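Letter by letter, the chains look like this.
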Amino acid sequence: MKLKIIVEKHPEGYVAYPVGLKGVVVGEGDTYEEALQNVKSAIKFHIETFGKEAFEEEEVMETFVAEVVI
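Values in this document were obtained by computation on a predicted structure and should not be read as measured data.

So what exactly am I meant to see when it comes to a negative patch on the surface here?
Together, Glu53, Glu56, Glu57 and Glu58 make up a region of like negative charge exposed at the surface. Summarising the element assignment, Glu53 is placed in the segment after helix H1 (32-50). You can call Glu53 exposed: its relative accessible area is 57%.

So this is what it looks like as structure tokens:
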């Protein structure tokens, strides 16, 4: 199964989270790779816990990052 993962770099480390899952699933780490590994583990646990209910009803086709000025 393939999922899209957003990875953010912060001063304290990295945060990663999937697109297309219901609920909050987050992985953190000191490195990009560590955050990805931790979110992958969290995703597996989330799917094992909630089964098909873990997924949004419609597949996410594309993911974009936009910036706006407010």
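And the narrative resumes.
Sorry, what's going on with the sheet that holds strand S2 (residues 13-19) here?
Either a parallel or an antiparallel arrangement is found when strands of a sheet pair, and the pairing is made through backbone hydrogen bonds. Pairing in this open sheet of three strands is antiparallel, and the strands run S1-S2-S3 from one edge to the other. With partners counted over all chains shown, the strands left at the sheet margins are strand S1 (4-10) and strand S3 (27-29), one partner each. Strand-to-strand twist of the sheet, defined as the mean angle between neighbouring strand axes without regard to direction, takes the value 20°. Across seven bridges, the pairing between S1 and S2 is antiparallel.

Explanation requested: the layout of surface pockets in the structure shown.
Where empty space is left becomes clear once a probe the size of a water molecule has been rolled over the atoms. Computed from the structure, the largest pocket encloses a volume of approximately 190 Å³. Every residue lining the largest pocket is listed: Lys2, Leu3, Lys4, Val19, Gly20, Phe55, Glu56, Glu58, Glu59 and Val60. Partitioning the lining of the largest pocket into residue classes produces four nonpolar, one polar and five charged.

How should I be thinking about the packing of aromatic side chains in this particular structure?
The relative placement of two aromatic rings is captured by the distance of their centres and the angle of their planes. Applying the stated criterion across every chain, the model contains one aromatic pair. Taking 6.3 Å as the distance between ring centres and 90° as the angle between the ring planes, the aromatic pair formed by Tyr14 and Tyr32 counts as edge-to-face. With a gap of 18 residues between them, Tyr14 in strand S2 and Tyr32 in helix H1 connect regions that are remote in the sequence. With a relative accessible area of 40%, Tyr32 lands in the partly exposed category.

Looking at this model, I keep getting lost on the nonpolar core. Mind explaining?
A general tendency of soluble globular proteins is for nonpolar side chains to be buried together. In this structure, Tyr14, Ala16, Leu21, Val25, Ala35, Val39, Ile43 and Ala54 together form the largest nonpolar core, which totals eight residues. The set of elements that each furnish at least two residues to this core consists of S2 and H1. Beyond its immediate stretch of four places on either side in the chain, Ala35 contacts Tyr14, Ala16, Gly27, Glu28 and Gly29.

The rules behind each value
In this convention, every chain numbers its residues from 1, walking through the sequence in written order. Per-residue local features are limited, in this predicted model, to residues with pLDDT of at least 70; the limit for side-chain atom pairs, both in listing and counting, is 80 or more; totals at the level of whole chains, interfaces and linings are taken over all residues. Side-chain numbers here rest on the full set of heavy atoms in the structure, without hydrogens or water. Patch definition: residues with relative accessible area over 30% and no salt bridge; like charges joined within 9 Å; nonpolar side chains (Val, Leu, Ile, Met, Phe, Trp, Tyr) joined within 5 Å. Residue burial considers only the protein chains on display, and all accessible areas are found by Shrake-Rupley using a 1.4 Å probe. Just to be clear on terms, a salt bridge is a Lys or Arg side-chain nitrogen sitting within 4 Å of an Asp or Glu carboxyl oxygen. Lys and Arg are tallied as positive, Asp and Glu as negative. Neither His nor the chain termini are counted. Charge coordinates come from a single atom per side chain, which is NZ of Lys, CZ of Arg, CG of Asp or CD of Glu. Strands here mean DSSP runs of E at least two residues long; helices mean DSSP runs of H or I at least four residues long; both are numbered from the N terminus. Residue exposure (1.4 Å probe, protein chains only): buried if accessible area is under 20% of the type maximum, exposed if over 50%, otherwise partly exposed. In this scheme, strands are said to pair when DSSP sees at least two bridges between them. Angles run from 0 to 180 degrees between N-to-C directions of axes, and those axes are lines fitted to C-alpha atoms, restricted for helices to the stretch in contact. The pocket and cavity definitions rest on a 1 Å grid over protein atoms only: a 1.4 Å probe that fits but cannot leave marks a cavity, an open set with protein on both sides within 12 Å along at least five of seven lines marks a pocket, and residues lining either have an atom within 4 Å of a point. Grid points are joined across faces, edges and corners, and a volume is the space filled by probe spheres set on the points. Amino acids outside the nonpolar list (Ala, Val, Leu, Ile, Met, Phe, Trp, Tyr, Cys, Pro) and the charged list (Asp, Glu, Lys, Arg) are all regarded as polar, and Gly is one of them. Pairing of aromatic side chains requires ring centres within 6.5 Å, counting the rings of Phe and Tyr and the six-membered ring of Trp. Pairs whose planes differ by under 30 degrees are stacked, by over 60 edge-to-face, and all others tilted. Buried residues of nine kinds, namely Ala, Val, Leu, Ile, Met, Phe, Trp, Tyr and Cys, make up a nonpolar core once their side-chain atoms join them within 4.5 Å. Pairs of residues are marked as contacts when any of their non-hydrogen atoms sit within 4.5 Å.

The values reported here are purely geometric and, on their own, carry no functional implication.
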